[in-house]
Structure formats: C-alpha cells, structure tokens
Protein chains: 2
Amino acid sequence: MNTRIALTALLVLSLGITTMALAQPSVEDQIKARQSAYTFMSWNMGQIKAQVVDKEVEFNADQVRGWANAIAATANSGMSAMYSPASVEGTGWKPTRLKPEFFDELDKVGEIAGNFVREANALAEVAEGGDPDAIAEQFKATGESCGACHKSYRAE
Amino acid sequence: MNTRIALTALLVLSLGITTMALAQPSVEDQIKARQSAYTFMSWNMGQIKAQVVDKEVEFNADQVRGWANAIAATANSGMSAMYSPASVEGTGWKPTRLKPEFFDELDKVGEIAGNFVREANALAEVAEGGDPDAIAEQFKATGESCGACHKSYRAE
C-alpha cells in the first residue's frame, strides 16, 4: 500500500468515526424536526394572537404565559442542530423550503436568529407581566423577527 | 314564527357566536400541531439520549439544558387545546393515530398527562444541575411517562 492509499484509508476511517461520534441525524429527520418546531411555534403564536391581537377569544394570562414560554424555549433549544448543509434539499413532513443562500450567509443568519431569540425571550417576559396590550405589542415585534428569516431564506 | 322556530334560530345564532368566540382551529390544524409538538419533543429527547444514555456524543450541559427546557415548556404549553373530540379522525402531517378511547377516559388521560408534565419538569430541573448520570436516570422516567400514553391511546 503506497502512502497516498494509506492516507486515503486513514481519512475514510477517521471520517467514519467522526460521523459516528456526531450521531448526525438524517437529513429527513433534521427537516422534519425543524418543520415541527416552526409549526409548533406558529400554533402558539396563533393562540396568542387570537387572545391579544384579534381578541376573538377571552384573554387568559396563564395560557398566554404557557404559549410564550413554549416559543421562547423552542427558540433557545439550539435549533442549529436541525440545519446541516446537506439539508438544503430533502423532505421532512414536506419538501424543505430552505434557500441555499442560508449556508452562504451564516453571519446574517446568525444575526437574524439572535434577534429572533431576543424577541421571543422578550415575549415570554412580557407575557409574565400579564398585560394584554403590552403582549400584543411584543407579539408584533416577535412576528417581524420570524418574518425577517422567511423573507430571506424561505422559498415561496 | 312560532316559539320553537324562534328558539331554534336563537340556538343556532348563539352556537355560531360561541364557535366564533372560541376561534376553534380546524381539526387538521389541531392534529398537525400535536404531531409537530410530539415530533419536536422526540427530537429533543433523541439529542439528550445521544449524550447521556448512548454517550455517542460528548456531553454538553448547556445543550442538554436547552433541550430539556424545550420539552418541559412544550409539556406545559396547554396541549389540550390540540385535542377536540372531532380530532379523533383526520390528517395533519399524516393520519392521526389517536385512539377514540382517549375521549372516553379523560380522568385517566389527565392522570397520564399530569405525570408526564411532572417528569418533564423534573428533567429540566435535573438538566439544570448538569450531572449526566442523574439526567440519564430522569430521562428514563420521562420516556416512561411518554410511553404510558402511547400504550393506551396511540394506535400502532
């Protein structure tokens, strides 16, 4: 075995070990997990909206607190593990709508994600206070921080 | 208009208003929301398992804390709003596997759900402590509390 083949074999082996050590979930599982996380957050946003923005449901401070906490905890759960470069294509519950630019602009993505986490945390804090008008205002800011990512990195 | 017709009209009107006031999400949205919430929790359980049970990924206390908090916040988010009796049949991301017995045994369901919330809260507390073996133990108890519902109310 010449040196080049030996090195290649070593590389293949070490890559194999690295992959095992990271226990990288499949692309399908990553996409399904993030589609689930966003659908769950969207559900909670919808529940809050019905009470404090549309006011079609009577305000219940405990419920709103629970929904806002769920959004904040999801935002803070380390969702980047749901995004590997390979996951720019593939199907979870449905085909991913992630745009390839996402992985070319990770600084901008990090800024947008950081802003979203801050707004979601602020929503949970305001919900703790129990003032429906203040919650409605922070709901809007949180929704805008979601929209910033959709606008740049989610296909129509 | 005789009294019976007048009363019926009033009943129809008031039911219409009640339905609007509750802003009941569609059965499809309820099923999709709960499938998303459970898939998201399962993702987080899998991430914790890889670090503290299977130990195929190096333990990271901050990450585990984030995943455990997400599970607890989801468990505490008021998921009963995702279950209306009509949602025993229907398709969210996929056809629901909820068994009809769920709505006939609400006392037992409440007990199982309460136990799950307690175990999920305990997991978040233990994760806060950062001891991987203690987390592994509470991970098992939490998984069993999930399984109790699957066993009784989720079709194969």
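Conventions adopted
- Per chain, residue numbering runs from 1 following the sequence as it is written.
- Naming scheme: in the order in which they are written, chains are lettered from A and ligands are numbered from 1.
- Only residues with pLDDT of 70 or above have their local features reported here, since the model is predicted, and side-chain atom pairs are shown and tallied only from 80 upward, although totals for entire chains, interfaces and linings are computed over all residues.
- The side-chain quantities take in all heavy atoms of the structure and omit both hydrogens and water.
- Secondary structure elements are defined from DSSP: runs of H or I of at least 4 residues count as helices, runs of E of at least 2 residues count as strands, and each element is numbered from the N terminus.
- Two residues form a contact once any of their heavy atoms are found within 4.5 Å.
- For every accessible area listed, the method is Shrake-Rupley and the probe measures 1.4 Å; residues are considered covered only by the protein chains on display.
- Buried area: the sum, over both parts, of the accessible surface (1.4 Å probe) that disappears when the two are put together.
- Any Lys or Arg side-chain nitrogen found within 4 Å of a carboxyl oxygen on Asp or Glu counts as a salt bridge.
- A 3.5 Å cut-off defines polar contacts: any pair of N or O atoms within that distance qualifies, except that in protein one atom must be a possible hydrogen donor and the other a possible acceptor, and neighbouring residues in sequence count only when both atoms are side-chain atoms.
- In this comparison the copies share one frame, found by least squares on the C-alpha atoms of residues holding pLDDT of at least 70 in both.
- Interaxial angle, 0 to 180 degrees, is taken between N-to-C directions of lines fitted to C-alpha atoms, where a helix line uses only the stretch in contact.
- Note that the term roughly parallel is reserved for angles under 35 degrees, roughly antiparallel for angles over 145, roughly perpendicular for angles of 65 to 115, and oblique for everything else.
- By the definition used in this description, the sense in which the near helix is turned from the far one sets the handedness, with an anticlockwise turn below a right angle giving left-handed and a clockwise turn giving right-handed.
- Gly falls in the polar group here, along with every residue not listed as nonpolar (Ala, Val, Leu, Ile, Met, Phe, Trp, Tyr, Cys, Pro) or charged (Asp, Glu, Lys, Arg).
- UniProt positions are given in the numbering used here, feature names are shortened, and annotations may be inferred rather than shown by experiment.
- Any residue under 20% of the maximum accessible area for its type is buried, any over 50% is exposed, and the rest in between are partly exposed; the area is computed with a 1.4 Å probe on protein chains only.
- What we call a nonpolar core is a set of buried Ala, Val, Leu, Ile, Met, Phe, Trp, Tyr and Cys residues that are connected through their side-chain atoms within 4.5 Å.

Description of the overall build of chain A
The secondary structure content of chain A amounts to 5 helices and 0 strands. Ordered by position in the sequence, the α and β elements of chain A form the string α-α-α-α-α. Here the contacts in chain A between residues at least 6 apart in sequence split such that 70% fall between residues at least 24 apart. Looking at chain A as shown, the accessible area adds up to about 8700 Å², and 57% of this sits on carbon and sulfur atoms.

Side note on the interface of chain A and chain B
Taken residue by residue, the interface counts 31 residues in chain A and 31 residues in chain B. The contact between chain A and chain B buries some 2300 Å² in all, and 73% of this surface belongs to carbon and sulfur atoms. Three residues stand out in chain A for area buried against chain B, namely Phe40, Trp43 and Trp93 of chain A, and they jointly supply 31% of the buried area on that side. Seen at the junction of chain A and chain B, the total is 0 salt bridges. Linking chain A to chain B there are 2 residue pairs in polar contact (both at pLDDT 80 or more). When contributions to the side of chain A that touches chain B are tallied by element, the ones reaching two or more residues are helix H1 (3-22), helix H2 (27-52) and helix H3 (61-75) of chain A.

Some thoughts on the relation of the copies chain A and chain B
Between the two copies of the chain lies a relationship made up of a rotation around an axis and a movement along it. Superposing chain A onto chain B takes a rotation of 180° combined with a translation of 0.0 Å along the rotation axis, leaving an RMSD of 0.0 Å. Here the transformation between the copies is reduced to the relation of a two-fold axis. Relative to the rotation axis, the C-alpha of Ser36 of chain A is the closest in chain A, positioned 2.1 Å from it. With an isologous cut-off of 70% or more, the 100% of interface residues of chain A that recur at the interface of chain B puts this contact in the isologous class.

Regarding the packing of H3 of chain A against helix H3 (residues 61-75) of chain B
It is the contact of H3 of chain A with H3 of chain B, at a shortest axis distance of 8 Å, that shows an interaxial angle of 160°. The pairing of H3 of chain A with H3 of chain B is recorded here as roughly antiparallel in orientation. In this structure, H3 of chain A crosses over H3 of chain B, and the sense of that crossing is left-handed. Counting all contacts with H3 of chain A, which are made through Asn69, Ala70 and Ala73 of chain A, the residues of H3 of chain B involved are Asn69, Ala70 and Ala73 of chain B. A per-class count over the contact of H3 of chain A with H3 of chain B returns 4 nonpolar, 2 polar and no charged.

So, the UniProt feature "binding site: heme c" (unreviewed entry) in chain A
All names here are of chain A. The UniProt entry lists Cys146, Cys149 and His150 under the feature "binding site: heme c" (unreviewed entry), expressed in the numbering used here. Position of Cys149 among the secondary structure elements: in helix H5 (residues 132-153). Look at Cys149 and you get partly exposed, because its relative accessible area is 24%. Sequence-distant contacts of Cys149, that is, excluding residues within four places in its chain, are made with Ile112 and Arg154. By relative accessible area, His150 is classed as partly exposed at 32%.

Some details on the environment of Asn121 of chain A
Residues and elements named next belong to chain A. Note on placement: Asn121 falls in helix H4 (residues 106-129). Since its relative accessible area comes to 28%, Asn121 is described here as partly exposed. Between the C-alpha atoms of Asn121 and Ala72, which are 49 residues apart in sequence, the distance is 5.3 Å. If near-sequence neighbours (up to four positions away) are discounted, Asn121 is found in contact with Ala72 and Asn76.

So, the nonpolar core
The biggest cluster of nonpolar side chains holds 59 residues, and the ones touching the most others in it are Ile48, Met82 and Leu123 of chain A together with Ile48, Met82 and Leu123 of chain B. Among residues more than four places away in sequence, those in contact with Ile48 of chain B are Val53, Val64, Trp67, Ala68, Ile71, Leu123, Ile135 and Phe139 of chain B.

Some remarks on unusual backbone geometry
At Lys55 of chain A, a residue that is not glycine, the phi angle is positive and equals roughly 50°. Inspection of the secondary structure puts Lys55 of chain A in the loop between H2 and H3.

So, the pattern of salt bridges
Taken as a whole and judged by the stated rule, the model has 8 salt bridges over all chains. A salt bridge links Asp54 of chain A to Lys49 of chain A; the nearest nitrogen and oxygen atoms lie 2.9 Å apart. Judged by its relative accessible area of 33%, Lys49 of chain A is partly exposed. Among the ionic pairs, Arg65 of chain B bridges to Asp62 of chain B, the shortest N-O distance being 2.7 Å. Of this pair, Arg65 of chain B and Asp62 of chain B both sit in helix H3, 3 residues apart, which is roughly one turn of that helix. Each of Asp62, Arg65 and Glu128 of chain A takes part in a single network of salt bridges with overlapping partners.

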